[in-house]
Amino acid sequence: MRVITGSRRGKKLKALEGLDTRPTTDMVKEAVFSIIQFDVPGASVLDLFAGSGQLGIEALSRDAAHCVFVDKNPSAVAVIKENITDCNFNGVSRVLNMDSLEYLKVAKKGIDIVLLDPPYNNGLIEKALPLLEPKLNDGAIVVCEHEKELTLAESYGSLVMHKRYKYGKICLTVYKIPSKEE
């Protein structure tokens, strides 16, 4: 696992041992950042169900302003902190050891990009999207990585499905909140 591009290009990242997390493949990570590449610089990013933190770290490497990493597994949080330190992103990161859905209940508005990659087959995306919607800025983007069998709703409040992409057994569903100009 490595950072694909940006200021930390090629930097190796540690992954959590065992089967508790499922790291995003390089192919899917590259697809995610091809979709949102022009929105990342200067963005406030939220990496929910962060695992190793690789998606948020990729965003920071591509000049996101700040990233909040949330995971309830203390071992994952330790790996995220180690990866952030190794990449020298401590000053632009916040790592929280808590349940992602509980975090969304107390989070403040002001998020530009959400990277949402929860454990599969648990209904977590469907629970997270309605909680996310009031926390997002105009023009915000939510990228959901999930199993291809899952079909998500067309909208969650003002959060509207923009596009759906399939990569083998994995699907990316992208939601946007229209900006004032749209």
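Scroll up for the structure.
Structural notes, computed from the coordinates. (Residues numbered from 1 in each chain as written. Predicted model: local features only at pLDDT ≥ 70, side-chain atom pairs only at ≥ 80, totals over all residues. Heavy atoms only, no water.)

### As for empty space enclosed by the protein
Put simply, the rule is: A 1.4 Å probe that fits into a set of points on a 1 Å grid over the protein atoms alone but cannot get out defines a cavity; an open set with protein on both sides within 12 Å along at least five of seven lines defines a pocket, and lining residues are those with an atom within 4 Å of a point. Grid points are joined across faces, edges and corners, and a volume is the space filled by probe spheres set on the points. Each helix is a run of DSSP H or I of at least 4 residues and each strand a run of E of at least 2, with the numbering of both proceeding from the N terminus. Lys, Arg, Asp and Glu make up the charged group, whereas Ala, Val, Leu, Ile, Met, Phe, Trp, Tyr, Cys and Pro make up the nonpolar group; the residues left over, Gly among them, are polar.
One pass over the full model with this rule turns up one cavity of 30 Å³ or more. Volume-wise, the largest cavity comes out at about 40 Å³. Every residue along the wall of the largest cavity is listed here: Val-32, Leu-55, Leu-115, Leu-116, Asp-117, Val-143, Glu-145 and Leu-172. Going through the elements one at a time, strand 4 (111–116) and strand 5 (136–147) are the ones with two or more residues in the lining of the largest cavity. Each residue belonging to the lining of the largest cavity can be placed in one class, and the counts come to six nonpolar, no polar and two charged.

### Focus: the pattern of salt bridges
Quick reminder of the rule: What makes a salt bridge here is a side-chain nitrogen of Lys or Arg within 4 Å of a carboxyl oxygen of Asp or Glu, nothing more.
Applying the stated criterion to the full structure yields five salt bridges. The network of salt bridges with common partners includes Lys-14, Glu-82 and Asp-86.

### Thoughts on the nonpolar core
This is how it is decided: Buried residues of nine kinds, namely Ala, Val, Leu, Ile, Met, Phe, Trp, Tyr and Cys, make up a nonpolar core once their side-chain atoms join them within 4.5 Å. Exposed residues in this analysis have more than 50% of their type's maximum accessible area, buried residues have under 20%, and partly exposed residues fall in between, with area computed by a 1.4 Å probe over protein chains only. By the convention used here, residues are in contact when the closest approach between their heavy atoms is within 4.5 Å.
Counting 30 residues, the largest nonpolar core has Ile-36 and Leu-115 as its most contacted members. Among the secondary structure elements, those contributing two or more residues to this core are helix 1 (26–36), helix 2 (54–61), strand 2 (66–71), helix 3 (74–86), strand 4, strand 5 and strand 8 (170–176). Contact partners of Ile-36, with chain neighbours within four places excluded, come to Ile-113, Leu-115, Ile-141 and Val-143. Listed in part, the 29 residues of the second largest apolar core include Leu-96, Ile-111, Leu-136 and Ala-140.

### Concerning the packing of aromatic side chains
As a reminder, the rule being used: Note on ring pairs: Phe, Tyr and Trp rings are taken, using the six-membered ring of Trp, and paired if centres are within 6.5 Å. Classes follow the plane angle, with under 30 degrees stacked, over 60 edge-to-face and the rest tilted.
The full count for this structure, using the stated rule, is one aromatic pair. Here Tyr-156 and Tyr-175 contribute two aromatic rings whose centre-to-centre distance is 5.7 Å and whose plane-to-plane angle is 70°, an arrangement assigned as edge-to-face. Taken together, the positions of Tyr-156 in strand 6 (residues 155–156) and Tyr-175 in strand 8 put the pair 19 residues apart, joining distant regions of the chain. In this structure Tyr-156 comes out as buried when scored by relative accessible area, which is 13%.

### Quick notes on the sheet that holds strand 8
Using the following cut-off: Think of it this way: DSSP has to see at least two bridges between two strands before they count as a pair. To define axes, lines are fitted to C-alpha atoms, for helices over the stretch in contact only, and angles between the resulting N-to-C directions are given on a 0 to 180 degree scale.
One open sheet accounts for eight strands, arranged 3-2-1-4-5-8-7-6; its pairing is mixed. Both outer strands of the open sheet, strand 3 (93–97) and strand 6, are each paired with one neighbouring strand and no more. Where strand 2 lies against strand 3, five bridges are found, and the strand directions are parallel. Its bridge partner being in strand 3, Cys-67 is matched across the sheet by Ser-93. Across the sheet, helix 1 touches strand 4, strand 5, strand 7 (159–167) and strand 8, and the angle it forms with strand 8 is around 20°.

### Focus: the environment of Gly-139
You can see Gly-139 is positioned in strand 5. Overall, the relative accessible area of 29% leaves Gly-139 in the partly exposed class. Measuring from C-alpha to C-alpha, the distance between Gly-139 and Ser-100 comes to 22 Å, with 39 residues separating the pair along the chain. In contact with Gly-139, not counting residues within four places along its chain, are Ile-177, Pro-178 and Ser-179.

### Observations regarding the pairing of strand 8
Across the seven residues of strand 8, six count as buried, placing the element largely inside the fold. Pairing between strand 5 and strand 8: seven bridges, direction antiparallel. Counted as the bridge partner of Val-142 is Tyr-175 from strand 8. Two strands pair when backbone bridges link them, and strand 7 and strand 8 are joined in this way by seven bridges, in the antiparallel orientation. In the sheet register, Val-160 faces strand 8, and the bridge partner there is Lys-176. Between the antiparallel neighbours strand 7 and strand 8 lie two residues, among them Gly-168 with a positive phi of about 65°.

### Examining the environment of Pro-130
Here Pro-130 is to be found in helix 5 (residues 124–132). Sequence spacing of Pro-130 and Leu-159 is 29 residues, and the spatial spacing of their C-alpha atoms is 8.5 Å.

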